[in-house]
Amino acid sequence: MAENFIPLCRSVFDHWIYEDAEYFKVWVTMLARARYLQEPKTGNYNGSLYTVEYGQFIFGYKKWSQDCGISYQRLRGLVKKLIAADMLNDQVVPFFEQQ
């Protein structure tokens, strides 16, 4: 059961992320897609092996903007804000973005 929910504190209603519906949707999607199990997950993407560690998720601006219904530019702006607010850190794996 624990793997089927994301704890969300009521204080999120007072946070800047909640003030913009698109930003909030993307942020909650990031929380939901982050690896929640302690053991790493290894997969194959176009013949290249990758490993996703606890708390990580695979991200590409083009795919995420389509999936979340947000423009590419707004998504880039949100990611910059999340990094600046220490709500996200980036570990770039180039071959995911180029496909």
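Provided above is the structure to which this section pertains.
Engineer: Tell me about unusual backbone geometry, and please be specific about residues and values.
Structural biologist: For Asn46, which is not a glycine, the phi torsion comes out positive at approximately 50°. Within the fold, Asn46 resides in the loop between β1 (41–45) and β2 (48–52). Residue classification places Asn46 among the exposed positions, given a relative accessible area of 58%. For Asp86, which is not a glycine, the phi torsion comes out positive at approximately 55°. Tracing the backbone shows Asp86 in the loop between α3 (72–84) and α4 (94–98). Taking relative accessible area as the criterion, Asp86 reaches 71% and is therefore assigned exposed.

Engineer: Tell me about the packing of aromatic side chains, and name the residues and values.
Structural biologist: Using the criterion set out here, one finds nine aromatic pairs in the structure. Summarising the aromatic geometry, the rings of Tyr18 and Phe24 are spaced 5.3 Å apart at their centres and angled 85° between planes, so their arrangement reads as edge-to-face. Residue classification places Tyr18 among the partly exposed residues on the basis of a relative accessible area of 38%. Seen from their ring centres, Phe57 and Trp64 are 5.3 Å apart, and the 35° between their planes marks the pair as tilted.

Engineer: Describe the packing of helix α1 (residues 21–33) against α3, and please don't skip the residues or the numbers.
Structural biologist: Look at α1 against α3: their axes get within 11 Å of each other, and the N-to-C directions meet at 65°. Between α1 and α3 lies a crossing whose hand is right-handed. Residue-level inspection shows Glu22, Tyr23, Val26, Trp27 and Met30 of α1 in contact with α3, the latter providing Arg74, Leu75, Gly77, Leu78, Val79, Lys81 and Leu82. Tallied by class, residues from the contact of α1 with α3 come to eight nonpolar, one polar and three charged.

Engineer: Tell me about the pairing of β1, and please be specific about residues and values.
Structural biologist: If a strand is regular, its side chains alternate between the two faces of the sheet. Here β1 runs beside β2; their pairing, made up of five bridges, is antiparallel. Counterpart to Gly43 in the pairing with β2 is Tyr50. Taking the residues that link successive antiparallel strands as the turn, the β1-β2 hairpin has two residues, and the phi of Asn46 there is positive, at about 50°.

Engineer: An account of the packing of α1 against helix α2 (residues 61–68) is requested, with residue identities and associated values reported.
Structural biologist: Interhelical geometry of α1 versus α2 gives an angle of 115° and a closest axis separation of 11 Å. Compared by their axis directions, α1 and α2 come out roughly perpendicular. In terms of crossing hand, the pair formed by α1 and α2 is right-handed. Together, Lys25, Val26, Thr29, Met30 and Arg33 of α1 and Trp64, Asp67 and Cys68 of α2 make up the contact between the two elements. Broken down by class, the residue content of the contact of α1 with α2 amounts to four nonpolar, one polar and three charged.

Conventions we followed
- Residues numbered from 1 in each chain as written.
- Predicted model: local features only at pLDDT ≥ 70, side-chain atom pairs only at ≥ 80, totals over all residues.
- Heavy atoms only, no water.
- Helix = DSSP H or I, 4+ residues; strand = E, 2+ residues; numbered from the N terminus.
- Buried < 20%, exposed > 50% of the residue type's maximum accessible area, 1.4 Å probe, protein only.
- Phe/Tyr/Trp six-rings, centres within 6.5 Å; stacked < 30°, edge-to-face > 60°.
- Axes fitted to C-alpha atoms, helices over the stretch in contact; angles between N-to-C directions.
- Left-handed = near helix turned anticlockwise from the far one by under 90°.
- Contact = heavy atoms within 4.5 Å.
- Nonpolar A, V, L, I, M, F, W, Y, C, P; charged D, E, K, R; others polar.
- Pairing = 2+ DSSP bridges.
- Parallel < 35°, antiparallel > 145°, perpendicular 65-115°, else oblique.

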